[in-house]
Amino acid sequence: MNDLPRTQALRCFITVAREGTVSRAASFLNLTQPAVSLQLKGLEESTGLQLFNRTPGGFTLTEAGAALLPLAHKAVSATSDFCTMADSLKESQRGTLRVGTILDPEFTRLGPFVRSLAKSQRTEVFLRYGMSDDVLTQIGKGELDVGYYVDATPAEQLSLPAFSERKIEGGKFQLIPLLSYDYRVIAPIEWSDQVTGKDWADLAGLPWLATPPASAHRRLLDDIFRPLGPLPKRVAYTDQEEAMIDFVESGVCLCLARDVVLEQRLPRKQNYVIADKVTLTCDLSLACLTSRRHEPAISHAFSIMLAVWDAKPASAASAPISAARSRKTAGR
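Owing to the predicted nature of the structure, the values given are computational and were not obtained by experimental measurement.

Asker: Describe the overall build of the chain, and please don't skip the residues or the numbers.
Answerer: On a plain count of helices and strands, the chain comes out with 14 helices and 11 strands. Residues classed as buried in the chain amount to 44% of the 332 residues present. When the accessible surface of the chain is summed, it comes to about 17100 Å², and 54% of that surface belongs to carbon and sulfur atoms.

In C-alpha cells:
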C-alpha cells in the first residue's frame, strides 16, 4: 500500500473489532451502517488483507486484523495528539494588544480598528480610555502596547503632502499620523470684539477653561502660551468636549474645539464666536515605544490602522496620501 489509511477508516476498524457488529459500531460512531461497511471495505482493499471473519454472530478478527489492531490504536491516538498539539499551538499564538484610546470612538475609528485586528490575527484587544498624555505615559511604562495620541503638527510637516512616521520625546516614542485636523478657539458671542483679529498673545489675557493636566488641550495651550509670558487665568474645569462648549456659551471663558465638533453643531443656534486669526493644526496618531515598533503584534497593529484609515506611509512606492491631511470629517 502506498497511502496511509484514513483516520476514519481506522476508527471504524477499531470500533467494529470491539463491538463485534457493524450496527453497534455505527451507532457508537454516529454513522450509518453502509458508511462503516464502506470504510472497512476500503481499508481491506488498501492493505490487501482480510481483517475480519464475517459470521452470522458478527465480526471476528483474522490473524492479520489482530496484528494490525494495536497499530491502529497507536495511529488514531497519534492523530488525536497531533490535533490537540496543533490547537494548543494555535491558541498560544493568539495575540493580545493593549490599546490606549482617547476622544470619541467614531472620530478615532476605534471600532473598525478592533474588528480588523480580531479578523486578521485572532488578536484579543484590551482597551483603556484616558487622556492623551496618560496614554503616552502608560505606553512608556509598558502598561499599554499602542495608543492614540494628539500633538501639534510640527511646522516642517505642515507643508508636506503626505504623512510620515516620526519620533517624539528624544526618539523614545514612534508616531504614525492618521489624521490632521484643526482646533479652533471659541469665545462667548458677547466677546466677539475681544477675539476677532486677535493673535495668541492677545488671547492670553482672557480667561480660559481649565482641562486636566494630562489632557492634550492643556499641553497644547501651555506650549503656545508659555513662550509668551505668564499662562492665562483658567476658570471652571471639565474634561468633556461638549461641556467645554457649554461653558463657553455660558459666557465665562475661551476654549479649544475640534473643527469636526463645531461642524456637527452648525444646525444649532450658536452662542459662541470663533476667533478668526488663530488656528492650531494637530495630528491624531497611533503611538508606541520606538524600541518596540517592529515587534510583530505592534507592526501588525500599525498596518491594520493604516488600512482602516486608507493610508500609506509617505515612503511607500505608491502615490502619497495627499488627501489625508484634508480629511476633516473623519469622524464617520
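Asker: An account of the packing of aromatic side chains is needed here, citing residue identities and associated values.
Answerer: Inspection of every chain in the model, using the stated rule, returns six aromatic pairs. The interplanar angle of 85 degrees and the centroid separation of 5.3 Å between the aromatic rings of F107 and Y181 together place this pair among those described as edge-to-face. Of this pair, F107 sits in helix α5 (residues 105–108) while Y181 sits in strand β7 (residues 173–188), placing them 74 residues apart in sequence. Judged by relative accessible area, F107 falls into the buried class, the value being 1%. Residue Y181 is classed as buried on the basis of its relative accessible area of 0%. Taken together, F13, F52 and F59 form an aromatic cluster joined through their ring pairs.

Asker: Please give an account of the packing of helix α1 (residues 7–19) against helix α2 (residues 22–29) that cites residues and values.
Answerer: Direction vectors running N to C along α1 and α2 enclose 125 degrees, while the axes themselves pass 8 Å from each other. The orientation of α1 with respect to α2, classified from their angle, is oblique. Remark: the crossing between α1 and α2 carries right-handed chirality. Side by side, α1 and α2 meet where R11, C12, T15, V16, R18 and E19 of the first sit next to R24, A25, F28 and L29 of the second. Split into classes, the residues belonging to the contact of α1 with α2 amount to five nonpolar, one polar and four charged.

Asker: Give a description of the pairing of strand β9 (residues 234–237) that names residues and reports values.
Answerer: Sheet faces and side chains relate simply in a regular strand, where the side chains alternate between the two faces. Across three bridges, strand β8 (residues 208–210) lies against β9 in parallel orientation. Of the residues in β9, the one forming a bridge with L209 is V235. For the segment spanning β8, helix α11 (residues 216–225) and β9, crossover handedness is right-handed.

Asker: So, the side chain of E44: which residues are in play, and what are the values?
Answerer: Looking at where E44 falls in the secondary structure, it is placed in helix α3 (residues 33–47). From its side chain, E44 meets the backbone nitrogen of L51 in a polar contact 2.8 Å long. Not counting the four nearest positions on each side in its chain, E44 is found in contact with L49, Q50, L51, F52 and R54.

Asker: Can you tell me about the side chain of D151, naming the residues and giving the values?
Answerer: You can see D151 is positioned in strand β5 (residues 146–152). With near-sequence residues (within four places) excluded, D151 lies in contact with R166, I168, L175, R219, L220, C282 and D283.

Asker: How would you sum up helix α12 (residues 241–249)? Please name residues and give values.
Answerer: Among the residues of α12, E241, M244, I245, V248 and E249 are the ones counted as buried. For α12, the angular spread of the buried residues around the axis is 135 degrees, confining them to a single face. For α12, the elements touching its buried residues are β7, β8, α11, β10 (255–258), α13 (259–264) and β11 (272–289). Looking one or two residues beyond α12, the residue adopting positive phi is G251, at roughly 95 degrees.

Asker: How would you explain the pattern of salt bridges if you had to name every residue and give the values?
Answerer: Taken as a whole, this structure holds 16 salt bridges when the rule is applied. The salt bridge partner of R258 is D104, with a shortest N-O separation of 2.7 Å. Highlighted residues: R258 in strand β10 and D104 in the loop between β3 (96–101) and α5, separated in sequence by 154 residues. Residue classification places D104 among the partly exposed positions, given a relative accessible area of 29%. With its nearest N and O atoms 3.0 Å apart, the salt bridge here joins R292 to E295.

Asker: Break down helix α7 (residues 132–140) for me, with residues and values.
Answerer: Buried within α7 we find S132, D133, V135, L136, Q138 and I139. Where α7 ends, the next residue or the one after it, G142, has phi of about 80 degrees, a positive value.

Asker: Hey, could you go over the environment of L289 for me, with residue numbers and the actual values?
Answerer: Tracing the backbone through its elements, the reader meets L289 in strand β11. Since its relative accessible area comes to 13%, L289 is described here as buried. Separated by 116 residues in the primary sequence, L289 and F173 have C-alpha atoms spaced 4.5 Å apart. Apart from the residues lying within four places of it in its own chain, the contact partners of L289 are I139, G140, K172, F173 and Q174.

Asker: Describe the nonpolar core, and please don't skip the residues or the numbers.
Answerer: Generally speaking, nonpolar side chains in soluble globular proteins are found buried as a group. By size, the foremost hydrophobic cluster in this structure holds 70 residues, and its most contacted members are F113, W200 and L203. No other element matches the 11 residues that β11 contributes to this core. Every residue in contact with L203, bar those within four places of it in the chain, is listed here: V185, Q194, V195, K198, W208, F225, L254, A275 and V278. Counting 19 residues, the second-largest nonpolar core is a separate cluster that includes L10, L43, F52 and V76.

Conventions and cut-offs
Residues numbered from 1 in each chain as written. Predicted model: local features only at pLDDT ≥ 70, side-chain atom pairs only at ≥ 80, totals over all residues. Heavy atoms only, no water. Helix = DSSP H or I, 4+ residues; strand = E, 2+ residues; numbered from the N terminus. Buried < 20%, exposed > 50% of the residue type's maximum accessible area, 1.4 Å probe, protein only. Areas by Shrake-Rupley, 256 points an atom, 1.4 Å probe, with all protein chains shown as cover. Phe/Tyr/Trp six-rings, centres within 6.5 Å; stacked < 30°, edge-to-face > 60°. Axes fitted to C-alpha atoms, helices over the stretch in contact; angles between N-to-C directions. Parallel < 35°, antiparallel > 145°, perpendicular 65-115°, else oblique. Left-handed = near helix turned anticlockwise from the far one by under 90°. Contact = heavy atoms within 4.5 Å. Nonpolar A, V, L, I, M, F, W, Y, C, P; charged D, E, K, R; others polar. Pairing = 2+ DSSP bridges. Right-handed = clockwise from strand over helix to strand, strands pointing away. Polar contact = N/O pair within 3.5 Å; in protein donor to acceptor, adjacent residues only side chain to side chain. Arc of directions from axis to C-beta. Salt bridge = Lys/Arg side-chain N within 4 Å of Asp/Glu carboxyl O. Core = buried A, V, L, I, M, F, W, Y, C linked by side-chain atoms within 4.5 Å.

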